[in-house]
Structures are given as C-alpha cells and as structure tokens.
Amino acid sequence: MINIKNITILGSTGSIGTSALEVIRNKSSEFNVVAMSAHYNHKLLIEQIEEFKPEYVSIGTKVGYEEIITKYPDLEVYLGNEGLKKLGGLDKADIVLTAVSGAVGIEATIESIKKEKRIALANKETMVAAGDLINNMLKEYKAEIIPVDSEHSAIYQSLLGGKKNEVNKIIITASGGTFRGKTLKELNNVKVEDALKHPNWSMGKKITVDSSTLCNKGLEVIEAHQLFNVSYDNIEVLVHPQSIIHSMVEFNDMSIIAQLGVPDMKVPIQYAFTYPNRISNNVLKSLDFKTISNLTFDQVDNDVFKGVEYAYFAGRVGQSMPAVYNAANEIAVDEFINGNIKFLDIYRVIKDTMDKHIVHSVDSLEKVIKADTWARKEALRIIKTF
Ligand code: NDP
Ligand code: MG
C-alpha cells in the first residue's frame, strides 16, 4: 500500500502554494493536504478548503478568521503569526512546504525543525536571515531541508553527482530579469507594472521585483552558501536568459553537472516532496530541445544591477548583515510597489541601511528578530530622508 504523505502548505494562496496544490491534485494517491495557510486572501483559502479538506488552517486577518470559523465549525482555525507557527509544528504533517513570502516564514520553519519534519523550502528569506541559526538547529534535530527554489533544487540534484569535498564551484543561473540589458538612465523612471513582468517565470509580486533588481539572485547566493556550506568565493552567478539550465555544479575534475528542464516550479516542488524518489505526474511537461534555438550566457552587469554585489558583501560580512540586507530589501520593495520610492532607490535603501548597521551574531531567534526589526526601522527612516 502506498504511504500517503501529509503535507502542510504555508502560503497556499500564493504562486508556489497554488503550484503545489496542482501537484497534489494530480497525485492524490501520493499526497494529502493536512494544513494550509493564507494571509489576506481568505476567499481563495475557502475554495481550497472546499477542495482539499485540510484539518487545520491559519489565516492572517481577523475578518478571514471569523468567516472561516463560522463556515467550518469542525475545522481547527488559527490566526496570524501564531497560527503560522502552530501549522509549522503540527505532529500530523510529514512535509511542511514553506511558501510564504518574506522573513515571516522563519518562526514556522523553526517549529518544523523542532518537530523533525521534512521542510520543502521555497521561502528563501528564511535561510538568508536566519541561516546560521537554522544550520545550528539542523545539527541538533533530525529535520531535513529540501530546497524548492529552482536554482537550489538544481544544485541539490547536481551535487548528487559527486562528493562534497570534490566540489569546485557552484554556478547559479539568472534570467537577468525583465530589465536585462537596460542602462541606469533607462531604469531611472521605470514603472511598477514594468518591474512586475517576468520573461520566464510567473511568481508573486515581491519575488518578481527582486528578479528585476537581481536582489533575488543576491538572496539566492546567500541561500546557496547557507544550504550547501560553500564559500562565497566558490559561488558564481551567470546570466542565462532562457532559464533552461536551472543551475550547475563544477567538480574538481572540471566535470560540470547541470539540471535542466522547462521553467516550471511544479518540478522542484514535486521533487522536494518525493526525494530521493522521482515519480511521474501528468502536469509536468517534457522539455522539447528542438524548440530551443540557443542557450546563451553572460555576466551580471554589476554597474547597473547592484543586488548581487550587495548580497556578496552582506554574505561575506556574515552574522546579522544578511538579515539586514533581506529586511532592507523587503521594505524597499514594498515602498516601491506602493509608489513611494523609485526603482533604483531600492539599491540606495539596501546600501545605506547596511552602511549604518553594527553587526552582531544571530545564533538565537531573538537576535535574528533584533537585526530584522532594526533594519526595517532604519530602512523606513532612510526612505523618509529621500
Ligand atoms: P506570493 O506572493 O505569490 O505568495 C505568498 C504567500 O504567502 C501567499 O499565500 C500569502 O497569502 C502568504 N503571505 C504573505 N505574507 C504573509 C504574512 N505576513 N503572513 C502569512 N502569510 C503571508 O509569493 P510566491 O509564491 O511567489 O513566493 C513565496 C516564497 O517562495 C518567497 O519566499 C519566494 O522568494 C519563494 N520562491 C518563489 C518562487 C516562485 O516561482 N514564485 C521561486 C522560488 C522561490 P495571501 O495570498 O493570502 O496574501
Ligand atoms: Mg530561484
């Protein structure tokens, strides 16, 4: 008999969350949704409850909470950050998919680690802000993290091609975002709508803006360092606009192992659910090489797109600096989406916030929160001076 896996989805209403539900819908003999969470979108969450019949849900707003608890008196319903944490630590779950956006995922992930779950990690901000703490916890608890971020899933799979001490370098591919090839002058007055278009991937708003600034790639460099314990000198970013090669690992015999496929997050999501096995699924598409005329590669234009360079800086400084890079970026992106700052100001906010920061260790949740809270306040203060 097949052992059905119980899955908790934190952020079921988002881009990753809905892709995960598509994977589960098409493989209902393998997966069952035990819990799901949303923030604002309780209407969609209710549709998902109807279809997937979870036992636990969490919602970010009071109005959503009231509506759900009235409609489903037998369901265990939780509210806000506490609810998210509760869902992260459910005994009944085998796998927790962390697909919320931003550093809000940290505490729930910590709960999942304490309960020794498999964590299918999409939420890269968690590993960036709290990587030191999480890695320490992983030494103590038998939890495992399988990355969902497509680049890190590709690296994870490629690393299986050799031994840890045989790795020369990791090559993270980047689409280059929607503004690839643009000059600083051209970026000066770009609109929010323009930054929200991505050439290859359909994603949530925050990560789409991050892809335009290349801060997404910056976050991924730090995420890779934390997940795979590879030094920053041995992590390279390569612009590859077609997003067919999802990332690669070069071994010491100069052999390179890459993972390729159609750019579809359902592939790494399902892999994180089934690893070390692979299972078929009729929603996943085959890559038709005959339709690809060329695969191209380029370096990052660091003079224009500062997101990667600033992340290397934050990563190399280490301790609380990556959390500060992440939090300043979250604030800047929010303010940009709300029309309060210009696109290029995002870099100014990150740099000025990091310049003001006095680094400290982040070996406890309190210290991670301290760095995160400080950076958010400082970033907002800096924006007021613009
Ligand atoms: P979305 O914005 O599409 O979805 C975010 C989800 O998190 C929604 O369910 C949202 O709820 C919920 N959420 C947002 N804020 C909060 C909060 N404060 N508390 C609780 N829940 C919250 O994002 P994506 O799905 O695109 O991305 C999710 C994560 O995965 C991010 O960390 C991103 O970097 C990472 N990722 C995404 C990829 C992608 O292809 N989309 C690729 C690789 C990584 P609601 O909708 O109800 O407001
Ligand atoms: Mg990615």
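Conventions and cut-offs
- Residues numbered from 1 in each chain as written.
- Chains lettered and ligands numbered in written order.
- Predicted model: local features only at pLDDT ≥ 70, side-chain atom pairs only at ≥ 80, totals over all residues.
- Heavy atoms only, no water.
- Pairing = 2+ DSSP bridges.
- Helix = DSSP H or I, 4+ residues; strand = E, 2+ residues; numbered from the N terminus.
- Axes fitted to C-alpha atoms, helices over the stretch in contact; angles between N-to-C directions.
- Contact = heavy atoms within 4.5 Å.
- Core = buried A, V, L, I, M, F, W, Y, C linked by side-chain atoms within 4.5 Å.
- Buried < 20%, exposed > 50% of the residue type's maximum accessible area, 1.4 Å probe, protein only.
- Donors = N, O, S within 2.8 Å, 3.2 Å for Na, K, Ca; no water.
- Parallel < 35°, antiparallel > 145°, perpendicular 65-115°, else oblique.
- Left-handed = near helix turned anticlockwise from the far one by under 90°.
- Nonpolar A, V, L, I, M, F, W, Y, C, P; charged D, E, K, R; others polar.

Description of the sheet that holds strand 11 (residues 256-260)
For step 1, the next point in the chain: Ordered by their spatial adjacency, four strands build an open sheet running 9-8-10-11, and the pairing between neighbours is mixed. Either end of the sheet is taken by a strand with one partner, and the two such strands are strand 9 (235-239) and strand 11. Averaged over neighbouring strand pairs, the angle between their axes works out to 20 degrees when direction is ignored.
For step 2, the next point in the chain: Of the strand pairs in this sheet, strand 8 (residues 167-174) and strand 9 are connected by five bridges, and their pairing is parallel. In the strand pairing of strand 9, Thr173 is matched with Leu238.
For step 3, the next point in the chain: On the sheet, helix 7 (residues 150-159) packs against strand 8, strand 10 (245-251) and strand 11 and is oriented at approximately 35 degrees with respect to strand 10.

What to know about the nonpolar core
Most often, soluble globular proteins keep nonpolar side chains buried together rather than apart.
For step 1, the next point in the chain: Core analysis: the biggest nonpolar cluster contains 110 residues, and Ile68, Leu97, Phe273, Tyr325 and Phe343 have the highest contact counts within it.
For step 2, the next point in the chain: No other element matches helix 14 (residues 321-337), which puts ten residues into this core.
For step 3, the next point in the chain: Excluding anything up to four places from it in sequence, Leu97 contacts Thr8, Ile9, Leu10, Ile16, Ala20, Ala120, Val148 and Phe273.
For step 4, the next point in the chain: Membership of the second largest hydrophobic core comes to twelve residues, among which are Leu10, Val34, Tyr56 and Leu84.

With respect to the coordination of the magnesium ion (ligand 2)
For step 1, the next point in the chain: Taken together, the protein ligands of the magnesium ion (ligand 2) are Asp149 (OD), Glu151 (OE) and Glu220 (OE), with distances of 2.1 to 2.2 Å.
For step 2, the next point in the chain: As a motif over one chain, the donors of the magnesium ion (ligand 2) read D-x1-E-x68-E.

Focus: the packing of helix 11 (residues 215-228) against helix 14
For step 1, the next point in the chain: Running from amino to carboxyl end, helix 11 crosses helix 14 at an angle of 155 degrees, the nearest separation of the two axes being 11 Å. By the angle class used here, helix 11 and helix 14 are roughly antiparallel. Crossing handedness for the pair helix 11 and helix 14: left-handed. For the pair formed by helix 11 and helix 14, the contact residues are Cys215, Gly218, Leu219 and Ile222 on the first element and Pro322, Tyr325, Asn326 and Asn329 on the second.
For step 2, the next point in the chain: Looking at side-chain class alone, the contact of helix 11 with helix 14 contains five nonpolar, three polar and no charged residues.

Brief notes about unusual backbone geometry
For step 1, the next point in the chain: Here the amide bond leading from Tyr275 into Pro276 is cis, since omega sits at 10 degrees, within 30 degrees of zero.
For step 2, the next point in the chain: Its place among the elements puts Pro276 in the loop between helix 12 (266-274) and helix 13 (307-317).
For step 3, the next point in the chain: Despite not being glycine, Glu116 has its phi angle at roughly 55 degrees, a positive value.
For step 4, the next point in the chain: With respect to the element layout, Glu116 can be found in the loop between helix 5 (106-114) and strand 6 (118-121).
For step 5, the next point in the chain: Residues other than glycine seldom take positive phi values, yet Leu214 does so here, at roughly 70 degrees.
For step 6, the next point in the chain: Among the secondary structure elements, Leu214 is positioned in the loop between helix 10 (205-213) and helix 11.

Function cannot be read off these values alone, since they describe shape.
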